[in-house]
Amino acid sequence: MLVNFSKMHGLGNDFMVIDNVTQNVFFSPEKIQQLADRNFGIGFDQLLMVEPPYDPDQDFHYRIFNADGSEVSQCGNGARCFARFVKLKGLINRNKILVSTKAGKMILYLEKDGQVTVNMGVPNFTPAEIPLKANKEEKTYIIRADDNTHFCGAVSMGNPHCVLEVDNTESADVETIGPQLERHERFPEGVNVGFMQVLSAEHIRLRVFERGAGETLACGSGACAAVAIGQIQGKLGKDVRVDLPGGRLRIRWQGPGSPLKMTGPAEHVYDGTINI
Ligand SMILES: N[C@H](CCC[C@H](N)C(=O)O)C(=O)O
């Protein structure tokens, strides 16, 4: 069976994107792992499957799978690439796109300058809904892993995030701490781990060790999580530039209870066809 796909990226966080509106494709977790392999497959951090809407008030539904084959509920960089993809492929001719994922509903805007703005919804700090095992909601949690003690904020952007503040993202021990926390027993569904260096109230550097994918060049929902956590910790303002290894995102958030907005690029690299 021939399957058409597009290869895309948001600041180097790369995706295989499949139109499952005009195609009808299903991949097992094992097949996704094989396709994600950068030597033996296409190579990507996540697979995005674009589907017809589940609700009549949405334009599309889209599903997100990590490179390890796990299905997840949110992908910020993926949302921007999804919006670019459906316009590029003529699946919609509007610049405002309504889409649902397992996490809920989002509104995406294709901007005139080529950037994409995503209304990521309201950050959720309730431990049980992150999910995080904790007696009560805190601005900072103490998490013991092996012989280390970590101080991190935690939030759901539709997917779980914890964020640690570091003096310098360059020297942060992402390779050790990332896996320690990714599958820590206090995060029953795993967690994406952010390492945030605060340069000013309007500017941070960030690296993210992603659940199910490892460190990526950028993590959109991770950037949103870092700004939301940084703001409630009193370290960040309402309009923040986030510099990730792959490039810059703009995150705006008016504070608890209000929706958070992310603006950044979405690039199409090539189209391909695979025989599965
Ligand atoms: N690894 C994430 C999904 C992809 C998120 C990231 N690529 C983004 O841009 O938000 C998770 O397991 O929740």
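Whatever comes next refers back to the structure up there.
All of these numbers come straight from a predicted model, not from anything done at the bench.

### As for the overall build of the chain
- Tallying secondary structure elements over the chain gives 4 helices and 18 strands in all.
- The C-alpha atoms of the chain give a radius of gyration of 18 Å, which matches the 19 Å a tight globule of 276 residues would have.
- With respect to the principal axes defined by its C-alpha atoms, the chain has extents near 50 × 40 × 30 Å.
- Evaluated residue by residue, the chain yields a buried proportion of 57% over its 276 residues.
- Restricting the contact set of the chain to residue pairs at least 6 apart, pairs at least 24 apart contribute 61%.
- Counting only carbon and sulfur atoms, one obtains 48% of the accessible surface of the chain, whose full area is about 11700 Å².
- Charge-centre separation for the chain: the mean point of 29 positive side chains lies 6 Å from the mean point of 33 negative side chains.

### Focus: the pairing of strand β7 (residues 104-110)
- As judged from the 6 bridges shared by strand β6 (residues 96-101) and β7, these two strands associate in the antiparallel manner. Pairing of valine 99 across the sheet is with methionine 106, part of β7.
- Hairpin connection of β6 to β7: 2 residues between the antiparallel strands.
- Bridge analysis of β7 against strand β8 (residues 116-119) gives 4 bridges, and the strand direction is antiparallel. Its bridge partner being in β8, tyrosine 109 is matched across the sheet by threonine 117.
- Between the end of β7 and the start of β8, which pair antiparallel, lie 5 residues, with glycine 114 showing a positive phi angle near 90 degrees.

### Observations regarding the pattern of salt bridges
- In the structure shown here, the tally under the stated rule is 18 salt bridges.
- Put simply, arginine 94 and aspartate 59 hold a salt bridge, and the shortest N to O gap is 2.6 Å. Of this pair, arginine 94 sits in the loop between α2 (76-88) and β6 while aspartate 59 sits in the loop between β3 (46-51) and β4 (60-66), and the two are 35 residues apart along the sequence.
- The class of arginine 94 is partly exposed, set by a relative accessible area of 39%.
- Across the pair lysine 133 and glutamate 185 runs a salt bridge, and its minimum N-O distance is 3.7 Å.

### Description of the environment of isoleucine 18
- Counting through the fold element by element, isoleucine 18 comes out in strand β2 (residues 13-19).
- Its relative accessible area of 0% is what places isoleucine 18 among the buried residues.
- As for isoleucine 18 and tyrosine 62, which are separated by 44 residues in sequence, their C-alpha atoms are 9.8 Å apart.
- The contacts of isoleucine 18, once residues within four sequence positions are left out, are Val3, Asn4, Phe5, Gln23, Val25, Phe27, Leu47, Leu48, Met49, Val50 and Phe85.

### Quick look at the environment of methionine 120
- For methionine 120, the location among the structural elements is in the loop between β8 and β9 (141-145).
- Separated by 111 residues in sequence, methionine 120 and glutamine 231 place their C-alpha atoms 16 Å apart.
- When sequence neighbours within four positions are dropped, the list of residues in contact with methionine 120 reads Gln74, Gly76, Met106, Met157, Ser221, Cys224, Leu260 and Met262.

### Describing the site of the ligand
- Near the ligand there are 15 residues, and of these Asn13, Gly76, Glu210, Arg211 and Ser221 occur at the shortest range.
- In this structure, an oxygen atom belonging to the ligand sits 2.8 Å away from a side-chain N or O atom of arginine 211.
- Between an oxygen atom of the ligand and a side-chain N or O atom of serine 221, the distance comes to 2.5 Å.
- Mapped by element, the contributors of at least two residues to the shell around the ligand are α2 and α4 (220-232).
- Its residues assigned to classes, the shell around the ligand shows 3 nonpolar, 10 polar and 2 charged.
- The residues that make up the shell around the ligand include at least three from each of domain 1 (2-120) and domain 2 (127-264).

### Looking at the pairing of β3
- Along β3, 6 of the 6 residues are buried, which leaves the element largely enclosed by surrounding structure.
- Of the two faces of β3, the one holding Gln46, Leu48 and Val50 and the one holding Leu47, Met49 and Glu51 are both buried throughout.
- In this fold, the crossover linking β2 to β3 by way of helix α1 (residues 29-36) has right-handed handedness.
- Alignment of β3 against β4, held across 6 bridges, turns out to be antiparallel. Paired with leucine 48 across the bridge in β4 is isoleucine 64.

### Quick word on the state of the cysteines
- Evaluated as defined, the whole model comprises 0 disulfides.
- Unpaired in this structure, cysteine 75 has its nearest cysteine sulfur neighbour in cysteine 219, at a distance of 7.2 Å.
- Cysteine 75 provides the cysteine sulfur closest to cysteine 81, a residue in no disulfide bond, and the two sulfurs are 8.0 Å apart.
- Taking the relative accessible area as the measure of exposure, cysteine 81 reaches 0% and is therefore buried.

Rules and cut-offs
- Residues numbered from 1 in each chain as written.
- Predicted model: local features only at pLDDT ≥ 70, side-chain atom pairs only at ≥ 80, totals over all residues.
- Heavy atoms only, no water.
- Helix = DSSP H or I, 4+ residues; strand = E, 2+ residues; numbered from the N terminus.
- Rg over C-alpha atoms; globule rule 2.2 N^0.38 Å.
- Buried < 20%, exposed > 50% of the residue type's maximum accessible area, 1.4 Å probe, protein only.
- Contact = heavy atoms within 4.5 Å.
- Areas by Shrake-Rupley, 256 points an atom, 1.4 Å probe, with all protein chains shown as cover.
- Lys, Arg positive; Asp, Glu negative; His and termini not counted.
- Charge placed at Lys NZ, Arg CZ, Asp CG, Glu CD.
- Pairing = 2+ DSSP bridges.
- Salt bridge = Lys/Arg side-chain N within 4 Å of Asp/Glu carboxyl O.
- Near = heavy atom within 4 Å.
- Polar contact = N/O pair within 3.5 Å; in protein donor to acceptor, adjacent residues only side chain to side chain.
- Nonpolar A, V, L, I, M, F, W, Y, C, P; charged D, E, K, R; others polar.
- Domains from an automatic or database assignment.
- Right-handed = clockwise from strand over helix to strand, strands pointing away.
- Disulfide = S-S within 2.5 Å.

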